[in-house]
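# Structure assessment
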Amino acid sequence: MKNIQWIFVLFACLAASSMGLIGIAIAERSLTGIIFAIILLFIIMGFGFKKKRSLRENNR
């Protein structure tokens, strides 16, 4: 826990927020909101996994 990688904390918070947006959109019964939040979640998770892979390849 000495070396916190803040970019991953940011990605995790953004992903959790987009999951919350999915719940809000479901409560509001907004199909466009649900689709938007799911796409946003996939984009954020994709950036996070891409960043983790690039760090792993560079042996960091």
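Structure: above.
Here's a quick rundown of the structure. (Residues numbered from 1 in each chain as written. Predicted model: local features only at pLDDT ≥ 70, side-chain atom pairs only at ≥ 80, totals over all residues. Heavy atoms only, no water.)

### Examining the overall build of the chain
Looking only at helices and strands, the chain features two helices and zero strands. For 60 residues, the compact-globule estimate of 2.2 N^0.38 gives 10 Å, and the chain exceeds it by more than 25% at 14 Å. In terms of its C-alpha atoms, the chain occupies a principal-axis envelope of roughly 45 × 20 × 10 Å. Looking at the chain as a whole, 17% of its 60 residues are labelled buried. Put simply, the chain shows about 5100 Å² of open surface, and 68% of that area lies on carbon and sulfur atoms. (Helix = DSSP H or I, 4+ residues; strand = E, 2+ residues; numbered from the N terminus. Rg over C-alpha atoms; globule rule 2.2 N^0.38 Å. Buried < 20%, exposed > 50% of the residue type's maximum accessible area, 1.4 Å probe, protein only. Areas by Shrake-Rupley, 256 points an atom, 1.4 Å probe, with all protein chains shown as cover.)

### Topic: the packing of helix α1 (residues 6-28) against helix α2 (residues 31-57)
In the contact formed by α1 and α2, the axes pass within 8 Å of each other and the chain directions differ by 165°. In terms of their interaxial angle, α1 and α2 are classed as roughly antiparallel. Regarding α1 and α2, the two cross each other, and that crossing is left-handed. Residues that form the contact of α1 with α2 fall into these classes: 19 nonpolar, three polar and two charged. (Axes fitted to C-alpha atoms, helices over the stretch in contact; angles between N-to-C directions. Parallel < 35°, antiparallel > 145°, perpendicular 65-115°, else oblique. Left-handed = near helix turned anticlockwise from the far one by under 90°. Nonpolar A, V, L, I, M, F, W, Y, C, P; charged D, E, K, R; others polar.)

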